[in-house]
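# Close look at the chain arrangement
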Amino acid sequence: ETKGTITGMMRRAASRLMASPQKLQLHCRSAPLTSCPQILSRHDFVCSLEHECDWTAPTLYGPTRLPVNQAYTLPAGIYHDAWFHTLETERVWNSSWVAVAEHVDLSKHGDVIAGDVAGQPILITNDHGIIRSFHNACGPFRSHSMEDVGTKTKGMEPLRTDCAMGLVFVNVNDEAPALKTWLGDLVPWMDDWEEQLKGGNLVATHRTTYDIAANWKLLIENFLEYYHLPAVHPALCNVSGVDEHQRFQGEGMYMGFATHPLTQGGTAIDPGRLPPFPAILAHRHETAYHISIFPNVFFSLYPDAFFRVRLSQNSPTRTLEHATLQTHSGALGAHDAQKILQEIFEFWDNVNTEDIVICENVQQGTSSPGYSRGRFSFRFEEPLHRFQNMIIDKVLMDEPTRYRIPTGDLSTNLVQLPKRILTEPPKVKESSVAAEQRAFEKRAAGAA
């Protein structure tokens, strides 16, 4: 009864606003007085209730452009609207470096797999150690010889392709900055991990696909906030506690955080059950890195194995997740390795299924006429705010920010990024992130 009353009040308020030429004034709770009240036009607010918007209007995104402690989330319609889905396919997916395959599946000459980018079929091959991708206009493809691949791909339009972090990426419109620039300082910071992920030492032990009744952005956003862990994933908190999480973001098209130290919680993913990846730095033996590379991949790097998820968007309300559990070949010789890897996979499969349930519920919730936008939790949702602003940068293709690479967030000082969980940034150039890191450490040392 109360829900019905609130919904009716929202509908009546929306009707009054649509009938009024005046602007809607939103008073921002917990925001500095200097920034309040924020003003939204009635179109910008009401269209998000009705899910009918001009998605190319910059003013629509103003509330999300604010600093995270003042900002509102993107309008609810972005998770449902067919026009926005078409718009983001062209402006977000086609203009980005999209992860389309695991490098472990293309590790030798002659390997061929079919994939897609936002519903567009593509073909990915290993041609004498060089990974190549093509638009696939030939439908389902199976091949066991490179000669057949050469015949099949003759005349196909090639796609811009590059590899990093054990992933194969393609850029459809050929306009994105180089993948090295796209990833920014992620690879230099994780250079020891990069050597492990790009070599022939990786083994994919388990694979699965999830068909999800939710928008792809909700799945990324769910990964990027961790305050739901105690309620949704209590077992995960036993090894990767909320209090041990800290943001791990520098300059680049990625979002993420780290857990340090990992704890022994009696779970399948406890550190030490399998030998760690060889040659990773010693402090990484008790650290997990939870990383999402824009737009469509997320994974948690644990010392001995990682569960990675790639997204394929099929419609505004349907997403496919392609998940792979990977470890290193040395782990396979450990005592009870197969049993342990099966338990690790079942653990992550359960965690991911728990997330899918809540994402499908949120998909339904955001369709409510009583919901338009929410507020960010600035303590826990800065990575989500960063992600949503990347979406805005891409959607507003006429703005100079379309190919902007976001800087690091060290200056916010919301969460300390101690040096113990980072390798040194490269010395070849003095980045703003590196300068901020040193300044931060100097201030911290002075305070101590």
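Please refer to the structure higher up on the page.
Residues numbered from 1 in each chain as written. Predicted model: local features only at pLDDT ≥ 70, side-chain atom pairs only at ≥ 80, totals over all residues. Heavy atoms only, no water.

For strand E14 (residues 305-315), a buried count of nine out of 11 residues is recorded, marking the element as mostly surrounded by other parts of the structure. The sheet contact formed by strand E13 (residues 297-301) and E14 spans five bridges and is antiparallel. Bridge assignment links Phe-299 to a residue of E14, and that residue is Arg-308. Hairpin connection between E13 and E14: a loop of three residues separates the two successive antiparallel strands. Relative to strand E15 (residues 318-328), E14 is paired through 10 bridges, and the arrangement is antiparallel. (Buried < 20%, exposed > 50% of the residue type's maximum accessible area, 1.4 Å probe, protein only. Helix = DSSP H or I, 4+ residues; strand = E, 2+ residues; numbered from the N terminus. Pairing = 2+ DSSP bridges.)

Turning to unusual backbone geometry, a few remarks are in order. Residue Pro-261 is reached from His-260 by a cis peptide bond, and omega for that bond is -5°. Looking at the element boundaries, Pro-261 is found in the loop between strand E11 (254-259) and strand E12 (288-293). A cis amide bond links Phe-294 to the next residue, Pro-295, at an omega of 5°. Mapped onto the secondary structure, Pro-295 falls in the loop between E12 and E13.

Most of E15 sits out of view: nine of its 11 residues are buried. In this sheet, E15 lies alongside strand E9 (residues 202-212) in antiparallel orientation, the contact comprising 10 bridges. Paired with Thr-209 across the two strands is His-322, which belongs to E15. Two successive antiparallel strands, E14 and E15, enclose a turn made up of two residues.

Moving on: the pattern of salt bridges. Throughout the structure, instances matching the rule amount to 15 salt bridges. Close ionic contact of Lys-339 with Glu-343 constitutes a salt bridge, the shortest N to O distance being 2.7 Å. Taken together, the residues span about one helical turn, with Lys-339 and Glu-343 both in helix H12 (residues 337-365) at a distance of four residues. Judged by relative accessible area, Lys-339 falls into the partly exposed class, the value being 49%. Salt bridges sharing common partners tie together Arg-65, Asp-393 and Arg-404. (Salt bridge = Lys/Arg side-chain N within 4 Å of Asp/Glu carboxyl O.)

With that out of the way, let us pick up the nonpolar core. Core analysis: the largest hydrophobic core is formed by 102 residues, its most contacted members being Ile-293, Leu-301 and Trp-348. For this core, the leading source of residues is H12, giving 10 residues. Sequence-distant contacts of Ile-293, defined by excluding residues within four places in its chain, comprise Leu-167, Phe-169, Trp-182, Leu-183, Leu-186, Met-253, Tyr-254 and Phe-299. By size, the runner-up hydrophobic cluster in this structure holds five residues, among which are Leu-66, Ala-71, Phe-376 and Leu-384. (Core = buried A, V, L, I, M, F, W, Y, C linked by side-chain atoms within 4.5 Å. Contact = heavy atoms within 4.5 Å.)

The full count for this structure, using the stated rule, is 18 aromatic pairs. Look at Phe-223 and Phe-298: their rings are 4.7 Å apart centre to centre, the planes differ by 25°, and that puts the pair in the stacked class. Within this pair, whereas Phe-223 is found in helix H9 (residues 216-224), its partner Phe-298 is found in strand E13, the two being separated by 75 residues in sequence. The same class applies to Phe-223 and to Phe-298, which are both buried. Where Tyr-226 meets Phe-380, the ring centres are 5.5 Å apart and the plane angle is 85°; that geometry is what we call edge-to-face. Taken as a pair, Tyr-226 in the loop between H9 and helix H10 (229-232) and Phe-380 in the loop between H12 and helix H13 (382-395) lie far apart in primary sequence, 154 residues in all. Taken together through their ring pairs, the aromatic side chains of Phe-223, Tyr-226, Tyr-227, Phe-257, Phe-298 and Phe-380 make up a single cluster. Across the ring face of Phe-299, the terminal group of Arg-308 is positioned such that the distance to the ring centre comes to 4.7 Å. It is Arg-379 that lies over the ring of Phe-380; its NZ or CZ is 4.8 Å from the centre. (Phe/Tyr/Trp six-rings, centres within 6.5 Å; stacked < 30°, edge-to-face > 60°. Lys NZ or Arg CZ within 6 Å of the ring centre and 35° of its normal.)

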